[in-house]
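A closer look at the structure
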Amino acid sequence: MASTSVIKSVPPQDLLTELRTFVAGATRAVKTNPLELARTALSLLKTLPAARDAVLEYFCTLFDSAVSKYVAQIENDANPSGGHEEATIAEIHSVLCNFVSNNPEAWAPIISTWSLELLGELSSRYAGRARVPLGAGLNESLQLWMSCRATRTLIDITTQCLSCLMHSNTETCINALLNTSVAHSPHFDWVVAHVGSCFPQTVITRVLSCGLKDFCQHGSMEQGAKSPKVLSVVGILGHLAASHIVSIRLALLDLFKWSLQPPKPGEEAQRRATVPFLLQLGSLSSILLHALSSDVLQTLNVDMLPQLAELAPGWCIYFGGRQALEDLIVHLARNCEEGGTQMLHLLLNASSPVDASKYHSNVALTSRRILELLLQELDLMLRSAGPGAYPIPLLDSIRQNVASIQPLLLSSDLLRVQIAVRLFGLLAHHSPAVLVNAVAFLLQRATKDEHLAAVMRLVTDAVCASAYSTSSLDKERGDSFKNNYLAQALEQAIRNSANNDLILDDNIGQVASEQLWLNLARMLKWEISRRPRALEAHLISDAVCACLREASELLRCPPEPAVAHAVASTLDLVDILGQNHRRLSGPKLKHMIRLTKAIVAYFFLCVSEKDWVVRLKGANVCCRLLTQLAVHSAAIRSLALRELLEGALFHAPTHLFGATTKISKDRPPEVRLLHENHKQGTSVILAHRHSSMFHAGVIGNGPYRHTSVANTIPQEDISENISLLIDVIKACCTNPTAGDQNAPNSLPTSLDAVTNVSLLLVELLSPDVMYNGLPWPEEEFSKVTVERDLSIRQRFDELPITWALLSFVASHRPALCYCSVLLRALTATLMAQWAARRSAGPSPDLCSTTVRLLELLALGQLLPPPLASLRELIPHLLPQEVVQLLRDCVWNYMRDNVPSPALFTRDASGLMWRDATLAIPGPQYTDSLRFIIQKNIKKLGYLYPQLFPDTSK
Amino acid sequence: MSISSSDLKHALRKTDFPFCAREALTRIEQIYAPNAMGRPPSNKQIDLAAEVMAEFVFCEADRRGSRKRRLSCIQELQLLEVLCDYFTYSGASNEPARNAVFMALFPASNAERCRLLAKLVSMAISTKNTPVLNATGVWMQHLGSATQGSLELAQGLVKDYFVLVPRAGSGLQDLPQLAPYFTSSLLTAVAEIYTGEGPTSAPPQPLLEVVTQWVADLPTLCIAALPAEPLHRTSPTTPYAGLFRWCILAPLHFHPAPAVLLYSRLHLALLESLLECRQLQPGRLEGSVMPQQLMMTARSMIRSNGSAEAMQDAIDRFAQALQLILDSRLLAQSGQLDLFQLLDTLPRNRLMALVLRKHRGQS
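Residues numbered from 1 in each chain as written. Chains lettered and ligands numbered in written order. Predicted model: local features only at pLDDT ≥ 70, side-chain atom pairs only at ≥ 80, totals over all residues. Heavy atoms only, no water.

**Notes on the overall build of chain A**
- For chain A, the count of helices and strands is 42 helices and six strands.
- Every one of the 953 residues in chain A was classed for burial, and the buried ones make up 49%.
- Total accessible area on chain A is roughly 44400 Å²; 55% of this is exposed by carbon and sulfur atoms. (Helix = DSSP H or I, 4+ residues; strand = E, 2+ residues; numbered from the N terminus. Buried < 20%, exposed > 50% of the residue type's maximum accessible area, 1.4 Å probe, protein only. Areas by Shrake-Rupley, 256 points an atom, 1.4 Å probe, with all protein chains shown as cover.)

**Some points on the overall build of chain B**
- In terms of regular secondary structure, chain B is built from 17 helices and zero strands.
- Relative to its full complement of 363 residues, chain B shows a buried share of 58%.
- In chain B, of all internal contacts separated by at least 6 residues, the share reaching a separation of at least 24 is 75%. (Contact = heavy atoms within 4.5 Å.)

**Some thoughts on the interface of chain B and chain A**
- At the junction of the two partners, chain B supplies 28 residues and chain A supplies 33 residues.
- Across the chain B-chain A interface, the total number found is four salt bridges.
- Linking Asp53 of chain A and Lys119 of chain B is a salt bridge whose minimum nitrogen-to-oxygen distance equals 2.8 Å.
- Listed by contribution, the elements that provide at least two residues to the side of chain B that touches chain A are α4 (73-89), α6 (111-127), α7 (130-143), α8 (148-164), α9 (175-178) and α10 (180-193) of chain B. (Salt bridge = Lys/Arg side-chain N within 4 Å of Asp/Glu carboxyl O.)

**Things to note about a nonpolar patch on the surface**
Residues and elements named next belong to chain A.
- A cluster of nonpolar side chains, contributed by Trp612, Val613 and Leu616, occupies part of the molecular surface with about 280 Å² of accessible area.
- Among the structural elements, Trp612 can be located in helix α29 (residues 612-632).
- The exposure class assigned to Trp612 is exposed, which follows from its relative accessible area of 52%. (Patch = residues over 30% accessible without salt bridge, like charges linked within 9 Å, V, L, I, M, F, W, Y side chains within 5 Å.)

**Side note on the packing of helix α3 (residues 52-75) of chain A against α4 of chain B**
- Running from amino to carboxyl end, α3 of chain A crosses α4 of chain B at an angle of 140°, the nearest separation of the two axes being 7 Å. Between α3 of chain A and α4 of chain B, the angle falls in the class oblique. You can see that α3 of chain A and α4 of chain B cross each other, and the crossing is left-handed. Side by side, α3 of chain A and α4 of chain B meet where Asp53, Ala54, Glu57 and Tyr58 of chain A of the first sit next to Cys73, Ile74 and Leu77 of chain B of the second. (Axes fitted to C-alpha atoms, helices over the stretch in contact; angles between N-to-C directions. Parallel < 35°, antiparallel > 145°, perpendicular 65-115°, else oblique. Left-handed = near helix turned anticlockwise from the far one by under 90°.)

**A few points about the pattern of salt bridges**
- Applying the stated criterion across every chain yields a total of 34 salt bridges over all chains.
- Between Arg895 of chain A and Asp896 of chain A there is a salt bridge, with the nearest N and O atoms lying 3.1 Å from each other.
- The salt bridge involving Arg115 of chain B is made with Glu76 of chain B; its shortest N-O contact spans 2.8 Å. Residue Arg115 of chain B is located in helix α6, and its partner Glu76 of chain B is located in helix α4; the two are separated by 39 residues in the primary sequence.
- Judged by its relative accessible area of 3%, Glu76 of chain B is buried.
- Through salt bridges that share partners, Asp53 of chain A together with Glu76, Glu112, Arg115 and Lys119 of chain B make up one connected network.

**A short note on the confidence of the model for chain B**
- Counting all residues, the mean pLDDT for chain B is 79, and 85% of those residues have values of 70 or more.
- For chain B, the element scoring lowest by mean pLDDT is helix α1 (residues 5-13) of chain B, at 75; helix α15 (residues 308-327) of chain B scores highest, at 87. (pLDDT = per-residue confidence, 0-100.)

**Some points on the nonpolar core**
- Membership of the largest hydrophobic core comes to 424 residues, with the highest contact counts inside it found for Phe22, Phe59 and Phe603 of chain A.
- Per-element tally for this core: the top contributor is helix α11 (residues 228-260) of chain A, with 14 residues.
- Look past the residues within four positions of Phe22 of chain A in its chain and what remains in contact with it is Leu37, Thr40, Ala41, Leu44, Ala54, Val55 and Tyr58 of chain A together with Leu77 of chain B. (Core = buried A, V, L, I, M, F, W, Y, C linked by side-chain atoms within 4.5 Å.)

**Overview of the packing of α3 of chain A against helix α7 (residues 149-165) of chain A**
Residue and element names in this part refer to chain A.
- At their nearest, the axes of α3 and α7 sit 8 Å apart, and the two run at 135° to each other. As judged from the angle between their axes, α3 and α7 are oblique. Here α3 contributes Phe63, Ala66 and Val67 to the contact with α7, which in turn contributes Ala150, Thr151, Thr153 and Leu154.
- For the contact of α3 with α7, a count of residues per class yields five nonpolar, two polar and no charged. (Nonpolar A, V, L, I, M, F, W, Y, C, P; charged D, E, K, R; others polar.)

**So, the packing of aromatic side chains**
All names here are of chain A.
- In total, this model carries 14 aromatic pairs over all chains according to the counting rule given.
- Ring centres of Phe99 and Trp107 lie 4.4 Å apart, and the angle between their planes is 10°; this geometry places the pair in the stacked category.
- With relative accessibility at 9%, the residue Phe99 sits in the buried group.
- Both rings, one in Trp776 and one in Trp891, keep their centres 5.1 Å apart while their planes meet at 75°; by these two values the pair is edge-to-face. With Trp776 in the loop between α33 (751-765) and α34 (786-798) and Trp891 in helix α39 (residues 879-896), the pair connects residues that are 115 residues apart, well separated along the chain. Each member of the pair, Trp776 as well as Trp891, is classed as buried. (Phe/Tyr/Trp six-rings, centres within 6.5 Å; stacked < 30°, edge-to-face > 60°.)

**Things to note about the side chain of His359 of chain B**
All names here are of chain B.
- On the secondary structure map, His359 appears in helix α17 (residues 350-362).
- Separated by 3.2 Å, the side chains of His359 and Gln323 make a polar contact.
- Apart from residues lying up to four places away in sequence, His359 is in contact with Gln323, Leu326, Asp327 and Phe340. (Polar contact = N/O pair within 3.5 Å; in protein donor to acceptor, adjacent residues only side chain to side chain.)

Here it is, written out as structure tokens:
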């Protein structure tokens, strides 16, 4: 034993005294002044390190009594009064803070642990007291405790410790925070919230890393059990989310990125556990899930997936197997409020990458599996919940960003199309409008059969699943519209393409609306072929019929001729009137009227088409459509006829039918009377003098000088157009009973309709409404009607189409009778013209007009046999002879034999004929003819035996 | 004298906590006090003493031997006070019995009691309680100054006096005078705690100051606790190797810092201490420094990336220390050659070369 020098030193008495005083006071053995005792304790803290724990423990009791007093004051409504405790606490505060700031590394962990534990105990002990119920919110408890001096001081000390350690040793502090939080949850939450809001960035990061560490250690052992620390982490982050969501999102993102970096030794386990940890967090708190989905999800891309795939097998153990992990992922995905579309794109891109070099079989299989599971889950939820249940967040998210899903429908990859179709089917449960939009989108843009098949699937699925509530839809469209998404989609598509006629592809130059109608036509062909059984319900026809109004509009004034052609050919495929299937009510009359007008407009559009194939095709379509409509309703028929005639005569591009327009040129400049009067004189105007005479102006411009503009359309085109028009009119006049078994004698053309045409012609061509009757007056009377006659004649001269129309009428006897007034006018004017040309020679124009007129009369059987051949004579006769013939053989005959339908009789086949044997004209009508032939027997001799057969035999 | 165990407990149970502890300590001392025949206490007696300690001193167990709630910190403080009082006033006459009681109170295997011991020693230092410190010195020597228990104790003390309250360390200047035995053991332990490699494992500044002053003031302090018969050849018994290590590595890790001067002073003090101790007690020191310790230092030097100048400085110091250590035959024989080989790999240094050449020739 080597105790070289033993100096017996007396222990410092004052220190021992202090110690004894403190122990005595702290154990309540002796009654002491608390402030004094606290001072003693503080001094011991400085001088006697061994007493540190005891001193701190004593302080605990001090704080506890302060808090209990405070609580009691609140409960008794007493005014909080600061006593010696306030001073004590203040002193303790200053001393402890001093320690911490002087030597943070050593003191901060001790003090912060102490203060946190004390806070936890106090919060738990006084929970539910001081008029703050147990279930009170965070804010109430925060308010309660922050207004208490003792706890406020403690919190202050804690935050100071943390701020000292922020850069060196935060781990210890946060660990203490978490542990305390676990022990005293939920009463301790206010502390965490307060501390967290002081150092959001650090607390969040640290809390996350502590949670991760814990998860990494326990997660694998207690399979899937939720460790209290993770719950606490979730709780704390939940509190902080209210004001620091940005920091939380950033921290989560950083954590995720960190996990993907190449691991340093010793960190593999943690990095591997990061993703499961994040998933676990997401499953425990919707706020965190939201944060994850809004940030982490955005950073994921296909390139990262193979890397994750390598880690994935290690994740399963945290959740108890692959199945559970997949379930969790699907569950989380379902609840994502954001990023739904990104997720979808990610999964799709992973399942079948556009770039084949990025294909990774494992990733692709898993992605597809998850996608499938997700869709199944959504489907199940929707079906089991029924309509009107709370919406699924993922679907909401996708719905908000639906524009980015829609292009998937057009993908060339079948998987994408299928997934998108299913997704839209799911979306339609809550908002059919999305589905309608998607179908509209697809209809406008689809170029392949697969895409149209997708349309069909979308629509048929939706019809099956629909429990569609009545919304504010157009009532007039009826029930079939409500249930037919395709109809709605079609309407939408039409509206869309009207709003912005987006060019799909510059090379092709196809307009979207044309594509739309082409697509419809293609689908209608499927429907007609009845191959897909789903189409037997005539969905597409119904849809088109529901949109007749829009279709008519497009047809009437299309943005491009091609659109009109497409619309027309689509309508051509539809059974507009719904005669062939179950639909009870056909389209409404007003739609039909619109459609009729549109078809007529379309006809004129076709006529102006340069390519004759297109022209012919369009005209054929018009014929078919008009036939259908006209047969359906007489009103439609007359409307169509009127439209056609008015159009052809006046409105449409009449020059296509050979019209020559007259323009009056050289209009004299406008003359202002005031100026004229100013020219008269500038002197003062005096009454009853010369100066009061005013210039009255010039009336008229003298005779009109018209010059007709030559029609530049080639003659063959004109005649073709005319024949097309006649065809269309004929189509309008189709007999409703034609081809009917019950009426074997019915003609293909309805005579009533043709009569209608002739009446219309009279109405349109005759400027007068009076004296348009059938009888021909005395020739003298034509002097009264000369103006009207001239006007009619002018129309005939300008519009060659009138001749064609008249000959159409004439060929359907006895309709020409009703055009009597027109014939009369023509005859009268011709007679006058021929008479005027007595001196001059015959004019070829006049001649041909006369021949035409006579041909008409003959065709219409208004002139019986010998007279019917008059036209053959005309080119060989002198004007005066022509005048005589017209007067005697035509006018007089007509005057005496009123051209009336009564003259005609119906034969067995239903045709009307005028019996020639009953209507042999008397000699007073034929003699002139006979004389004239005899006079020109040299040229016309061959006619004589035909016209005047030798009846004597 | 021979009270039955039940009677003893019964009597003790009549009093409350702080007083029963005090009473119990007296009874325990009676058990351990060498009785008339000079026989050591029987096993049965030792068991009884252990039971009494557990129930009445540390209140670890209740009367049926099951565990009880831990003492609160204030009660602990009371207990410490009682212990201090007991050791102070039990008289100097029966020091062996006191030491025996001390050893029985704080077995190294009981972590909880070791924690209390650290507090007790800390308190004893504050209150300059020499008996307790002496007893602790014996305890540490018995355990070995560089064993786990001693290191933990030293760690706690350093934290109390040099980390938490840096100024409290200044009150320790007279500790070598009060309890040289304990101080020496403490030095050895402290020298082992801090490896001196880099700033993180460097001793705190106040500790360094105090250590320097201790060694400078009392050169024999370093060997105060050197046992006559070396018990633990595997663990260091003198602080020389550890403290030299601090000084040698200092130039490599602290560039121009105030601490550098302090390290130089410590180095000087150590060298002087060696010289003086050699004169005072030649032969007693023989083999108390193990080559392994020095080899650790050399390896640290090789690992470090200090500048060449600093390295020369460090090697100079190493050579000085080595010269004295070898000269005083402090270095154990086994493993010397390994050390020399390792030192050859250091950057070339004239002094070191000289020292090596000299002692290679001898050995």
